[in-house]
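Listed here are the chains, written in short residue letters.
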Amino acid sequence: MKKHKVTICTGTACFVMGGSELLLLEEQLPGDLKAVTEIEGSPCSGICNRSEYSGAQADHAPFALVDGEVIEQASLQKIIDCLRTLETESQRLNYA
Ligand code: FES
């Protein structure tokens, strides 16, 4: 079974903007999502330097990636909601 990959930025900009809370994700994930999710921390992934996000980092950080999709102003709930959507879609396709 392919797992969803969550990458949590632990770079300075993300950390001070609330990214430290995101490191609690594994504890907060519902059991069904925990079984299909791989979580890793990463130093600044460079997203904060992309033109679409730079200049107003406070408006966008912290960042996380879920299967490569950028989640800005990431929160535990946003990441869980994204995983729930992806998993629901994955299950729908498996039964189609
Ligand atoms: S510090 Fe998080 S993307 Fe740069």
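Engineer: Sorry if this is basic, but what is going on with the overall build of the protein here?
Structural biologist: Counting its regular elements, the protein contains 5 helices and 4 strands. The N-to-C order of helical and strand elements in the protein reads β-α-α-α-β-α-β-β-α. With respect to the three principal axes, the spread of C-alpha positions in the protein is 45 × 25 × 20 Å. In the protein, which comprises 96 residues, the proportion classed as buried is 22%. Of all intrachain contacts in the protein linking residues separated by at least 6 positions in sequence, the fraction that spans at least 24 positions is 62%.

Engineer: Sorry, what's going on with the sheet that holds strand 1 (residues 4–9) here?
Structural biologist: Strand-to-strand pairing in sheets goes through backbone hydrogen bonds, with the strands running parallel or antiparallel. Reading across the sheet, the 4 strands line up as 2-1-3-4 and stay open at both edges, with mixed pairing between neighbours. Whereas interior strands pair on both sides, the edge strands pair on one side only; in this sheet they are strand 2 (37–42) and strand 4 (69–71). Neighbouring strand axes in the sheet, compared pairwise and without regard to direction, differ in orientation by 25° on average. Across 3 bridges, strand 3 (residues 64–66) lies against strand 4 in antiparallel orientation. If you follow Val66 over to strand 4, its bridge partner there is Glu69. Of the strands in this sheet, strand 1, strand 2, strand 3 and strand 4 are in contact with helix 5 (residues 76–95), which crosses strand 3 at around 10°.

Engineer: Sorry if this is basic, but what is going on with the environment of Leu86 here?
Structural biologist: Inspection of the secondary structure assignment puts Leu86 in helix 5. C-alpha separation for the pair Leu86 and Met17, spaced 69 residues apart in sequence, amounts to 26 Å. When near neighbours in sequence (up to four residues on either side) are disregarded, Leu86 contacts His4 and Asp67.

Rules used in this analysis
- The residue numbering used here restarts from 1 in each chain and proceeds along that chain's sequence as written.
- For this predicted model, a pLDDT threshold of at least 70 governs which residues receive local features, and a threshold of 80 or more governs which side-chain atom pairs are given and counted, while totals over whole chains, interfaces and linings are taken from all residues.
- Helical segments are the DSSP runs of H or I of at least four residues, strand segments are the runs of E of at least two, and each set is numbered from the N terminus.
- With C-beta atoms placed from the backbone, a residue is buried if 20 or more other C-beta atoms are within 10 Å of its own, exposed if 12 or fewer are, and partly exposed between those counts.
- Contact between two residues is assigned whenever their backbone-derived C-beta positions fall within 7 Å.
- Strand pairing is assigned whenever DSSP identifies at least 2 bridges connecting the two strands.
- In this analysis, axes come from line fits to C-alpha atoms, helices being fitted only over the stretch in contact, and the angle between any two N-to-C directions falls in the range 0 to 180 degrees.

Keep in mind these numbers describe shape, not what the thing actually does.
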